[in-house]
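# Coordinates in review
So you can see what is in the structure, the chains are spelled out below.
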Amino acid sequence: MALDQFFSGAGEDFPAILRRKGLLGAGGKFESVIGSGQFGSSQAAPPTESTTILAFKFAGGVLVAGDRRATSGHTVVYDRADKVLEIDRHSLMAIAGVPSTAWEMGRVLEHSLQYFRRTQLQEMSVDGKVRALSKLLRDNLGFVMQGVGVVVPIFATYDNGVDPSARLYFYDAMGAQFEATDYAATGSGSPAVRGILYYENTWGGNPLKNRSEDEAVTIALRALDTAAESDTATGGVDRGGKIFPVIKTVSSDGINTLPEEKIAHIFKQSVA
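These remarks concern the structure in this document. Since the structure is predicted, the reported quantities are computational estimates derived from the model, not experimental observations.

### Here's the deal with the nonpolar core
- Core analysis: the biggest nonpolar cluster contains 24 residues, and Leu54, Phe56, Leu63 and Ile247 have the highest contact counts within it.
- At the level of secondary structure, the elements contributing two or more residues to this core comprise strand E2 (53-58), strand E3 (61-66), helix H5 (190-203), helix H6 (213-230) and helix H7 (260-271).
- Here this core takes 8 residues from H6, the largest share from any one element.
- In this structure, Leu54 is in contact with Leu63, Val64, Ala65, Ile154, Ala184, Ala185, Val193, Ala220, Ala223 and Leu224, ignoring residues within four places of it in sequence.
- In terms of nonpolar packing, the next biggest core, distinct from the first, is built from 20 residues, Val64, Ala96, Ile154 and Ala156 among them.

Here is the structure:
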């Protein structure tokens, strides 16, 4: 991007400069130049994206689940993606958005927490972990503006400090953090998922935080499977391929990854 050599920039922010140079549309959409000019087609290849993720508190801690599908535009790139990442012994990060960026954020966050623990000889506080992820999202703002690196994660952790309790947070693409009281969902299939979680939490006869692990897994599977009916980017439960969502729980005892055989058994019972 060539800037005027006599332009001081006073009174203009970065998006205004992009707009003045014709690189940012009136609606704020970045005009991509990937794949244009001497490299051939003028259309940029759509980035690979992964959806949908959810998390909610249940009797044993926090359950975090994600479907397995990764898409590029209308094409299914991969149907066995793992969108629930283990950050430390008591923290899970679920990803929706561009997986390459999200997985790198997960690795950076994991190493940052390890470095803190080894140098300070103690665990980083929950607030510190939450802000560390928020900073990674803010540092990714340039890619967000280009539309090629959007990530909207969910972060679940367990506070083993003075007041041990399950903590659940969701974020926007620019790093704003929000603590969820009961549940959270992001990704293209999240509207349907949030509706189901709201119904189960309010009208299901028993709040989500009082459900057993098997009941919580059943709700997560039904929510993702329902979302897949109306959202092509959500894999849900692939009955033919026997592909089930990744489901993990975090509690004061640590992280537990549910075996696929157990998930399949619970799903079979739920539809019987």
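From this point, things continue past the structure.
### As for the sheet that holds strand E9 (residues 165-171)
- Strand order in this open sheet of 5 strands is E6-E7-E8-E9-E10, and the pairing throughout is antiparallel. Either end of the sheet is taken by a strand with one partner, and the two such strands are strand E6 (84-88) and strand E10 (177-179). Ignoring strand direction, the axes of neighbouring strands in this sheet form an average angle of 25 degrees.
- Here E9 runs beside E10; their pairing, made up of 3 bridges, is antiparallel. Its bridge partner being in E10, Phe170 is matched across the sheet by Phe178.
- Strands E6, strand E7 (91-94) and strand E8 (154-159) of the sheet are contacted by helix H2 (residues 99-120), whose axis makes an angle of about 15 degrees with E6.
- Against the sheet, helix H3 (residues 126-139) makes contact with E6, E7, E8, E9 and E10, and its axis sits at roughly 15 degrees relative to E9, the strand it touches most.

### Digging into the packing of aromatic side chains
- For the structure on display, the rule yields 2 aromatic pairs.
- With centroids separated by 5.3 Å and ring planes inclined at 25 degrees, the aromatic side chains of Phe170 and Phe178 adopt a geometry described as stacked.
- The exposure class of Phe170 is partly exposed, given its relative accessible area of 30%.
- Aromatic pair Phe244 and Phe267: ring centres 6.0 Å apart, planes at 65 degrees, arrangement edge-to-face. Within this pair, whereas Phe244 is found in the loop between H6 and strand E12 (246-251), its partner Phe267 is found in helix H7, the two being separated by 23 residues in sequence. A single burial state applies to Phe244 and to Phe267, both of which are buried.

### Some thoughts on the environment of Ala227
- Relative to the helices and strands, Ala227 is located in helix H6.
- Along the primary structure Ala227 and Gly195 are separated by 32 residues, whereas in three dimensions their C-alpha atoms are 10.0 Å apart.
- Apart from the residues lying within four places of it in its own chain, the contact partners of Ala227 are Gly189, Ala192, Val193 and Thr234.

### Comments concerning the sheet that holds strand E4 (residues 70-72)
- As summarised here, the arrangement of the 3 strands in space is E1-E4-E5, forming an open sheet in which the pairing is antiparallel. Lying at the two open borders of the sheet, with one neighbouring strand each, are strand E1 (48-50) and strand E5 (75-78). When the angles between neighbouring strand axes are averaged without regard to direction, this sheet yields 40 degrees.
- By the bridge criterion, 3 bridges tie E1 to E4 in an arrangement that is antiparallel. Among the inter-strand pairings, Ser50 is bridged to a residue of E4, identified as Ala70.

### Here's the deal with unusual backbone geometry
- In this model, Leu121 sits at a positive phi of 60 degrees, which is unusual for a non-glycine residue.
- As for its position among the elements, Leu121 is in the loop between H2 and H3.
- Looking at Leu121, the relative accessible area reads 74%, which means it is exposed.
- Positive phi outside glycine occurs at Lys242, with the angle close to 55 degrees.
- Here Lys242 lies in the loop between H6 and E12.

About the criteria used
One numbering rule holds for all chains: residues counted from 1, following each sequence as written. Only residues with pLDDT of 70 or above have their local features reported here, since the model is predicted, and side-chain atom pairs are shown and tallied only from 80 upward, although totals for entire chains, interfaces and linings are computed over all residues. Side-chain measures here rest on the full set of heavy atoms in the structure, leaving out hydrogens and waters. To define a nonpolar core, start from buried Ala, Val, Leu, Ile, Met, Phe, Trp, Tyr and Cys residues and group those joined through side-chain atoms within 4.5 Å. Burial here depends on accessible area, computed with a 1.4 Å probe over protein chains only, as a share of the maximum for the residue type. Under 20% is buried, over 50% is exposed, and the range in between is partly exposed. Helix numbers and strand numbers start at the N terminus; a helix is a DSSP run of H or I with at least 4 residues, a strand a run of E with at least 2. Contacts were defined at the residue level, with two residues in contact if any of their heavy atoms lie within 4.5 Å. Being paired, for any two strands, means DSSP has found at least two bridges between them. Only the stretch in contact is used when a helix axis is fitted, and all axes are lines through C-alpha atoms; the angle between N-to-C directions ranges over 0 to 180 degrees. Here a Phe, Tyr or Trp ring, Trp counted by its six-membered ring, pairs with any other such ring whose centre lies within 6.5 Å, and the pair is stacked when the planes are under 30 degrees apart, edge-to-face when over 60, and tilted otherwise.

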